[in-house]
Amino acid sequence: VFCIVGLPPSELTIYKMILTQCAVCATDLGLTLGKKCGRCSTRYCGAECQKQHWEQRGHDKLCKLIKKAGGAEQYHADTKYTETVAVAAAACAEDTKGQTCYICTQALHWKTKEGLIRGCACRGTSGVAHVSCLAEQAKILVAEGEENNLGLSALNDRWARWDTCSLCKQMYYGVVYCALGWACWKTYVGRPETDRYRRTAMGVLGNGLEFAERNDEALPIKEAELSMERRLGASEDSILVVQGNLANTYAKAGRSEDAVCTSRDVYLGHLKLYGEENEKTLRATNNYASILVDLRHFKEAQSLMRKTIPVARRVLEESNETTLRMRWTYAEVLYTDDGATLDDLREAVATLEDVERTARRVFGGAHPATLQIEKGFRDARGALRAREASSGVATRTRAARARRSEEE
């Protein structure tokens, strides 16, 4: 179990992400309590749990393996990686049936025997691969970039292979992203805490867990990441990125007030740092508006979207993911507001119809974003029909009353 000890992210927080529970009874040990295995550093609350783990729980057989793997943290990452790869392959089995990996050209991975996955916007036979092949490819590209002292832009492009498909240029999603998150973390966890790739790998893992809807696991990792970045003196831009990711997880974990406060800070921070026309600012605006919608702060969200969507459409392409998501959020504001007018509902339906058509072209019909937009379109259309039917009844009722009045 990953966790940080003490307070929420602040100057007083313990920053390093570590295993902090007894391996037997899960008692919280903080940083210094309890005992450690002298060989592999597995932690226990006391001698009794350590003895039980050795004699009854199989630690006598695992201890050397954990030590050989690089210690408890590395062993845990390796284990979780293996588990999540199996989950991802099982989830993608139907989609990838009869296909082969575009990297190694095999159906089963030659070493791990894992199945195939696809979790991006690729369609047909494109984009099918093994998680291990994708991870190895990313690892090699990043290592080559380090060795050749490439510039920051080139290094960032190579690093993006950990979470973005090189073929369709869209981010991975769901359990595939989760598996790649563990692949990334296990690759760099053994590096010093100050290493840039270890720091960034923590973010990839946190986002992967969130995309797989494992928010309770993602939250402490993202809080630890923010604390670490603050302590290590990261740039304002880097901290805003981490805060933005944390705000999204707060929202999904049901911590609404934390989500709206953090997302507002991120939005204002980007606005001050980059101005309103920067794509980072526009993404932060959309995240903030989405959280306002979740809290049913419709008027504030509507005002924000009406002000910024014209900016997005001017500086980005209509098919740009940020533009699509902003228009999707705006439509959601319109049709979920109990005070929406008929014109609001009609605008929401027209907007979602256009966004859904574009999303199918950009992401493909099976992508989670497209499926969610389609659901929003159906919901908005249902709300419009119900309102139109209700308005029709009301109009007929008023007409009938007027006729009765005239007759009297």
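The structure contained in this document is the topic of the report that follows. Given the structure is predicted, the values throughout are model-derived calculations rather than measurements. (Residues numbered from 1 in each chain as written. Predicted model: local features only at pLDDT ≥ 70, side-chain atom pairs only at ≥ 80, totals over all residues. Heavy atoms only, no water.)

Turning next to the overall build of the protein. What the protein contains, in helices and strands, is 15 helices and four strands. Put simply, the protein has 408 residues, and 47% of those count as buried. When contacts within the protein are restricted to residue pairs at least 6 apart in sequence, long-range pairs at least 24 apart make up 57% of them. (Helix = DSSP H or I, 4+ residues; strand = E, 2+ residues; numbered from the N terminus. Buried < 20%, exposed > 50% of the residue type's maximum accessible area, 1.4 Å probe, protein only. Contact = heavy atoms within 4.5 Å.)

A full pass over the atoms with the stated rule returns seven aromatic pairs. Pairing tryptophan 159 with tyrosine 188 gives two aromatic rings, centres 5.2 Å apart and planes at 45°, and the pair type is tilted. Of this pair, tryptophan 159 sits in helix H5 (residues 152–159) while tyrosine 188 sits in helix H6 (residues 174–188), and the two are 29 residues apart along the sequence. Grouping residues by exposure puts tryptophan 159 and tyrosine 188 together as buried. The structure contains a cluster of three or more aromatic residues connected by ring pairs, namely Trp159, Trp162, Tyr188 and Tyr197. When the ring centre of tyrosine 81 is taken as origin, the NZ or CZ atom of lysine 186, which lies over that ring, is 5.0 Å away. Here the basic side chain of arginine 381 rests over the ring of phenylalanine 377, its NZ or CZ set 4.5 Å away from the ring centre. (Phe/Tyr/Trp six-rings, centres within 6.5 Å; stacked < 30°, edge-to-face > 60°. Lys NZ or Arg CZ within 6 Å of the ring centre and 35° of its normal.)

Let us look at unusual backbone geometry. The phi angle at threonine 105 is positive, at roughly 65°, despite the residue not being glycine. Looking at the element boundaries, threonine 105 is found in the loop between helix H3 (72–91) and helix H4 (131–147). The phi dihedral of asparagine 149 falls on the positive side, at around 50°, and the residue is not glycine. Take asparagine 149: it is sitting in the loop between H4 and H5.

For the pair helix H7 (residues 196–211) and helix H8 (residues 215–231), interaxial distance at closest approach is 8 Å and the crossing angle is 155°. Relative to H8, the element H7 lies roughly antiparallel. Handedness of the H7/H8 crossing: left-handed. Along the contact surface, H7 presents Arg198, Arg199, Met202, Gly203, Leu205, Gly206, Asn207, Leu209 and Glu210, while H8 presents Asn215, Glu217, Ala218, Ile221, Lys222, Ala224, Glu225, Met228 and Glu229. (Axes fitted to C-alpha atoms, helices over the stretch in contact; angles between N-to-C directions. Parallel < 35°, antiparallel > 145°, perpendicular 65-115°, else oblique. Left-handed = near helix turned anticlockwise from the far one by under 90°.)

Looking now at H7. The end-to-end C-alpha distance of H7 is 23 Å, a good match for the 22 Å that 16 residues give at a rise of 1.5 Å each. H7 sits mainly inside the fold: 13 of its 16 residues count as buried. You can read the cap of H7 off the contacts: a side-chain oxygen lies 2.9 Å from the backbone nitrogen of tyrosine 197, and it is on aspartate 195. Glutamate 213 lies just past H7 and shows a positive phi near 65°. (Expected span 1.5 Å × (residues − 1). Polar contact = N/O pair within 3.5 Å; in protein donor to acceptor, adjacent residues only side chain to side chain.)

By themselves, these figures tell us nothing about what the structure is for.
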